[in-house]
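# Inside the fold
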Amino acid sequence: MSIWESRFGYSIRLVMFGALIAVGCGIPLGVLIAKNPTSGLSRTSSVVLAALISIPNFVLGLLMIILLASHLKIIKVLPDWDSPGSWIVPAIVLAVMPMANIARMTLASITNIMNEDYVRTARAKGLSQTRVTISHVLRNALVPIITFLGPTIMEMLTGLLIVENLFSFPGFGRVYWESVLRLDYPMILGLTLVYSTTIMLVNILIEISCEILDPRIRSIKQ
(Lines give C-alpha, C1' and ligand atoms only; values in the text may rest on other atoms or scores of the structure.)
Protein backbone atom coordinates (compact mmCIF):
# COMPACT_ATOMS: atom_id res chain seq x y z
CA MET A 1 0.00 0.00 0.00
CA SER A 2 1.40 3.41 -1.00
CA ILE A 3 1.13 6.48 1.22
CA TRP A 4 -1.59 7.91 -1.05
CA GLU A 5 -3.77 4.88 -0.36
CA SER A 6 -3.36 5.16 3.42
CA ARG A 7 -5.62 7.17 5.72
CA PHE A 8 -3.06 9.96 5.82
CA GLY A 9 -2.87 9.98 2.03
CA TYR A 10 -6.67 10.14 1.77
CA SER A 11 -6.74 13.17 4.06
CA ILE A 12 -3.92 14.95 2.21
CA ARG A 13 -5.68 14.37 -1.11
CA LEU A 14 -8.93 15.73 0.31
CA VAL A 15 -7.15 18.85 1.60
CA MET A 16 -5.43 19.34 -1.77
CA PHE A 17 -8.74 18.96 -3.60
CA GLY A 18 -10.39 21.41 -1.20
CA ALA A 19 -7.48 23.86 -1.54
CA LEU A 20 -7.81 23.79 -5.34
CA ILE A 21 -11.51 24.61 -5.04
CA ALA A 22 -10.88 27.35 -2.48
CA VAL A 23 -8.10 29.03 -4.49
CA GLY A 24 -9.65 28.40 -7.89
CA CYS A 25 -12.93 30.01 -6.86
CA GLY A 26 -11.78 32.48 -4.19
CA ILE A 27 -9.18 34.46 -6.15
CA PRO A 28 -11.31 35.00 -9.31
CA LEU A 29 -14.28 35.96 -7.16
CA GLY A 30 -12.21 38.48 -5.23
CA VAL A 31 -10.87 39.96 -8.49
CA LEU A 32 -14.40 40.17 -9.90
CA ILE A 33 -15.70 42.06 -6.86
CA ALA A 34 -12.68 44.39 -6.84
CA LYS A 35 -13.13 45.30 -10.52
CA ASN A 36 -16.75 46.37 -10.08
CA PRO A 37 -17.21 47.11 -6.35
CA THR A 38 -20.44 49.10 -6.82
CA SER A 39 -22.26 46.62 -9.08
CA GLY A 40 -25.20 44.61 -7.83
CA LEU A 41 -23.35 41.34 -8.48
CA SER A 42 -20.38 42.45 -6.38
CA ARG A 43 -22.58 43.56 -3.48
CA THR A 44 -24.54 40.32 -3.60
CA SER A 45 -21.30 38.33 -3.70
CA SER A 46 -19.98 40.21 -0.65
CA VAL A 47 -23.14 39.34 1.30
CA VAL A 48 -22.92 35.70 0.24
CA LEU A 49 -19.24 35.53 1.26
CA ALA A 50 -20.06 36.99 4.68
CA ALA A 51 -22.78 34.36 5.09
CA LEU A 52 -20.47 31.50 4.05
CA ILE A 53 -17.83 32.59 6.56
CA SER A 54 -20.48 32.54 9.29
CA ILE A 55 -21.70 28.99 8.60
CA PRO A 56 -19.72 26.28 10.46
CA ASN A 57 -18.63 23.38 8.27
CA PHE A 58 -20.51 20.81 10.38
CA VAL A 59 -23.78 22.71 9.76
CA LEU A 60 -23.05 23.04 6.05
CA GLY A 61 -22.08 19.37 5.88
CA LEU A 62 -25.32 18.25 7.54
CA LEU A 63 -27.35 20.46 5.19
CA MET A 64 -25.54 19.00 2.17
CA ILE A 65 -26.20 15.44 3.36
CA ILE A 66 -29.88 16.14 4.04
CA LEU A 67 -30.41 17.96 0.74
CA LEU A 68 -28.23 15.98 -1.67
CA ALA A 69 -28.45 12.49 -0.14
CA SER A 70 -31.88 12.32 1.53
CA HIS A 71 -34.00 14.53 -0.72
CA LEU A 72 -32.37 14.84 -4.14
CA LYS A 73 -30.62 11.43 -4.06
CA ILE A 74 -27.63 12.92 -5.90
CA ILE A 75 -25.06 11.39 -3.56
CA LYS A 76 -25.07 8.28 -1.41
CA VAL A 77 -25.24 8.47 2.36
CA LEU A 78 -22.28 6.06 2.44
CA PRO A 79 -20.33 6.89 -0.74
CA ASP A 80 -17.82 4.74 -2.57
CA TRP A 81 -14.53 6.53 -1.87
CA ASP A 82 -12.82 4.73 -4.74
CA SER A 83 -14.95 6.87 -7.06
CA PRO A 84 -13.54 10.40 -7.58
CA GLY A 85 -17.06 11.84 -7.82
CA SER A 86 -17.74 10.92 -4.19
CA TRP A 87 -14.97 13.30 -3.06
CA ILE A 88 -16.63 16.42 -4.50
CA VAL A 89 -19.15 17.14 -1.72
CA PRO A 90 -16.72 16.66 1.25
CA ALA A 91 -14.13 18.77 -0.59
CA ILE A 92 -16.68 21.54 -1.17
CA VAL A 93 -17.76 21.51 2.48
CA LEU A 94 -14.10 21.69 3.52
CA ALA A 95 -13.37 24.49 1.03
CA VAL A 96 -16.37 26.81 1.42
CA MET A 97 -15.18 28.86 4.40
CA PRO A 98 -11.53 29.08 3.20
CA MET A 99 -12.80 30.07 -0.25
CA ALA A 100 -14.80 32.94 1.22
CA ASN A 101 -11.80 34.08 3.29
CA ILE A 102 -9.49 33.94 0.26
CA ALA A 103 -11.98 35.96 -1.80
CA ARG A 104 -12.18 38.64 0.89
CA MET A 105 -8.38 38.66 1.26
CA THR A 106 -7.99 39.03 -2.52
CA LEU A 107 -10.48 41.89 -2.51
CA ALA A 108 -8.62 43.69 0.30
CA SER A 109 -5.21 43.20 -1.35
CA ILE A 110 -6.37 44.42 -4.75
CA THR A 111 -8.21 47.39 -3.25
CA ASN A 112 -5.04 48.50 -1.44
CA ILE A 113 -2.99 48.31 -4.65
CA MET A 114 -5.51 49.92 -7.02
CA ASN A 115 -4.48 53.46 -6.05
CA GLU A 116 -0.71 52.93 -6.30
CA ASP A 117 1.26 55.21 -8.65
CA TYR A 118 2.32 52.44 -11.03
CA VAL A 119 -1.32 51.36 -11.46
CA ARG A 120 -2.39 54.91 -12.34
CA THR A 121 0.54 55.12 -14.77
CA ALA A 122 -0.54 51.88 -16.47
CA ARG A 123 -4.06 53.26 -16.86
CA ALA A 124 -2.69 56.53 -18.24
CA LYS A 125 -0.82 54.56 -20.93
CA GLY A 126 -4.19 53.31 -22.18
CA LEU A 127 -4.07 49.73 -20.90
CA SER A 128 -7.42 48.03 -20.40
CA GLN A 129 -8.75 47.49 -16.90
CA THR A 130 -8.47 43.72 -17.31
CA ARG A 131 -4.81 43.91 -18.34
CA VAL A 132 -4.00 46.34 -15.53
CA THR A 133 -5.66 44.02 -13.02
CA ILE A 134 -3.94 40.85 -14.21
CA SER A 135 -0.48 42.16 -15.16
CA HIS A 136 0.08 44.84 -12.52
CA VAL A 137 -2.37 44.54 -9.64
CA LEU A 138 -2.89 40.81 -9.17
CA ARG A 139 0.82 39.99 -9.51
CA ASN A 140 1.69 42.24 -6.57
CA ALA A 141 -1.39 41.19 -4.60
CA LEU A 142 -0.43 37.50 -4.73
CA VAL A 143 2.16 37.68 -1.94
CA PRO A 144 -0.29 38.53 0.89
CA ILE A 145 -2.78 36.08 -0.63
CA ILE A 146 -0.22 33.23 -0.63
CA THR A 147 0.85 34.19 2.89
CA PHE A 148 -2.78 33.85 3.91
CA LEU A 149 -2.87 30.34 2.43
CA GLY A 150 -0.75 29.06 5.35
CA PRO A 151 -3.41 29.61 8.04
CA THR A 152 -6.08 28.61 5.52
CA ILE A 153 -4.55 25.18 4.90
CA MET A 154 -4.09 24.74 8.66
CA GLU A 155 -7.79 25.53 9.06
CA MET A 156 -8.63 22.88 6.48
CA LEU A 157 -6.42 20.32 8.23
CA THR A 158 -8.25 20.89 11.52
CA GLY A 159 -11.59 20.88 9.66
CA LEU A 160 -10.87 17.29 8.62
CA LEU A 161 -11.85 16.15 12.13
CA ILE A 162 -15.44 17.22 11.51
CA VAL A 163 -15.83 16.72 7.76
CA GLU A 164 -14.41 13.20 7.73
CA ASN A 165 -16.70 12.10 10.55
CA LEU A 166 -19.76 13.66 8.91
CA PHE A 167 -19.20 11.77 5.65
CA SER A 168 -17.60 8.64 7.17
CA PHE A 169 -14.49 9.45 5.17
CA PRO A 170 -11.66 6.94 5.77
CA GLY A 171 -9.03 9.53 6.54
CA PHE A 172 -6.59 10.78 9.11
CA GLY A 173 -8.99 13.15 10.88
CA ARG A 174 -11.49 10.38 11.55
CA VAL A 175 -8.78 8.24 13.17
CA TYR A 176 -7.78 11.20 15.33
CA TRP A 177 -11.38 11.72 16.45
CA GLU A 178 -11.86 8.03 17.25
CA SER A 179 -8.61 8.04 19.23
CA VAL A 180 -9.85 10.95 21.34
CA LEU A 181 -13.13 9.14 22.03
CA ARG A 182 -11.23 5.97 23.08
CA LEU A 183 -8.70 8.01 25.11
CA ASP A 184 -5.93 6.29 23.17
CA TYR A 185 -3.15 8.61 24.34
CA PRO A 186 -0.22 7.05 22.40
CA MET A 187 -2.23 7.31 19.18
CA ILE A 188 -3.26 10.90 20.00
CA LEU A 189 0.35 11.92 20.64
CA GLY A 190 1.55 10.26 17.44
CA LEU A 191 -1.18 11.84 15.31
CA THR A 192 -0.54 15.23 16.91
CA LEU A 193 3.12 14.93 15.96
CA VAL A 194 2.16 14.14 12.36
CA TYR A 195 -0.28 17.07 12.32
CA SER A 196 2.31 19.51 13.65
CA THR A 197 4.97 18.28 11.19
CA THR A 198 2.56 18.72 8.29
CA ILE A 199 1.69 22.25 9.39
CA MET A 200 5.40 23.09 9.72
CA LEU A 201 6.08 21.84 6.18
CA VAL A 202 3.15 23.89 4.84
CA ASN A 203 4.56 27.03 6.47
CA ILE A 204 8.00 26.37 4.94
CA LEU A 205 6.49 25.91 1.47
CA ILE A 206 4.47 29.11 1.83
CA GLU A 207 7.59 31.03 2.87
CA ILE A 208 9.57 29.71 -0.09
CA SER A 209 6.73 30.56 -2.49
CA CYS A 210 6.55 34.14 -1.19
CA GLU A 211 10.30 34.61 -1.66
CA ILE A 212 10.09 33.31 -5.23
CA LEU A 213 7.22 35.65 -6.09
CA ASP A 214 8.72 38.70 -4.40
CA PRO A 215 12.56 38.84 -4.36
CA ARG A 216 12.38 41.88 -2.07
CA ILE A 217 11.63 39.52 0.81
CA ARG A 218 15.02 37.84 0.33
CA SER A 219 16.80 41.18 0.20
CA ILE A 220 15.17 42.27 3.48
CA LYS A 221 16.36 39.06 5.18
CA GLN A 222 19.90 39.62 3.97
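Residues numbered from 1 in each chain as written. Predicted model: local features only at pLDDT ≥ 70, side-chain atom pairs only at ≥ 80, totals over all residues. Heavy atoms only, no water.

### Thoughts on helix H2 (residues 40–54)
- Helix length check: H2, at 15 residues, gives a terminal C-alpha distance of 21 Å against a target of 21 Å (1.5 Å per residue), a fit within 8%.
- Listing the buried residues of H2 in full gives Ser42, Ser45 and Leu49. With its buried residues spanning 60° around the axis, H2 presents them on a single face. Summarising the geometry of H2, the exposed residues directed more than 90 degrees from the buried face are Arg43, Val47 and Ser54. (Helix = DSSP H or I, 4+ residues; strand = E, 2+ residues; numbered from the N terminus. Expected span 1.5 Å × (residues − 1). Buried < 20%, exposed > 50% of the residue type's maximum accessible area, 1.4 Å probe, protein only. Arc of directions from axis to C-beta.)

### Regarding the pattern of salt bridges
- Inspection of the entire model under this criterion finds 2 salt bridges.
- Ionic pairing is found between Arg174 and Glu178, a salt bridge with its closest N-O pair at 3.4 Å. Placement of the pair is Arg174 and Glu178 together in helix H7 (residues 172–182), with a separation of 4 residues, close to one helical turn.
- Here Arg174 falls in the partly exposed class, since its relative accessible area comes to 24%.
- A residue is classified by how much of its surface remains accessible, and Glu178, at 29% relative accessible area, is partly exposed. (Salt bridge = Lys/Arg side-chain N within 4 Å of Asp/Glu carboxyl O.)

### A look at a nonpolar patch on the surface
- Nonpolar side chains collect at one region of the surface, where Phe58, Val59, Leu62, Leu63, Ile66 and Ile162 lie side by side and expose about 480 Å² of accessible area between them.
- It is helix H3 (residues 57–71) that contributes the most residues to the nonpolar patch, 5 residues altogether. (Patch = residues over 30% accessible without salt bridge, like charges linked within 9 Å, V, L, I, M, F, W, Y side chains within 5 Å. Areas by Shrake-Rupley, 256 points an atom, 1.4 Å probe, with all protein chains shown as cover.)

### Focus on the environment of His136
- As for its placement among the helices and strands, His136 is situated in helix H6 (residues 129–166).
- Put simply, His136 and Arg7 are 129 residues apart on the chain and 42 Å apart in space, counted from C-alpha to C-alpha.
- Contact partners of His136, with chain neighbours within four places excluded, come to Tyr118, Ala122, Leu127 and Arg131. (Contact = heavy atoms within 4.5 Å.)

### A look at unusual backbone geometry
- Backbone geometry at Ser168 places phi at a positive 55°, although glycine is not the residue there.
- Within the secondary structure, Ser168 is located in the loop between H6 and H7.
- Judged by its relative accessible area of 27%, Ser168 is partly exposed.
- Notably, Leu183 is not glycine yet its phi reads approximately 55°, a positive angle.
- Along the chain, Leu183 turns up in the loop between H7 and helix H8 (185–213).

### Focus: the nonpolar core
- Counting residues in hydrophobic clusters, the biggest one holds 29 residues, and the most contacted among them are Leu14, Val89, Leu94, Leu160 and Phe167.
- Taken together, the elements giving at least two residues each to this core come down to helix H1 (7–35), H3, helix H4 (88–113), H6, H7 and H8.
- Dropping the residues within four chain positions of it, Leu94 is found in contact with Leu14, Val15, Met156, Gly159, Leu160 and Val163.
- Counting residues in each nonpolar core, the second largest holds 28 residues, with Ala22, Ile113, Val132 and Ile146 among its members. (Core = buried A, V, L, I, M, F, W, Y, C linked by side-chain atoms within 4.5 Å.)

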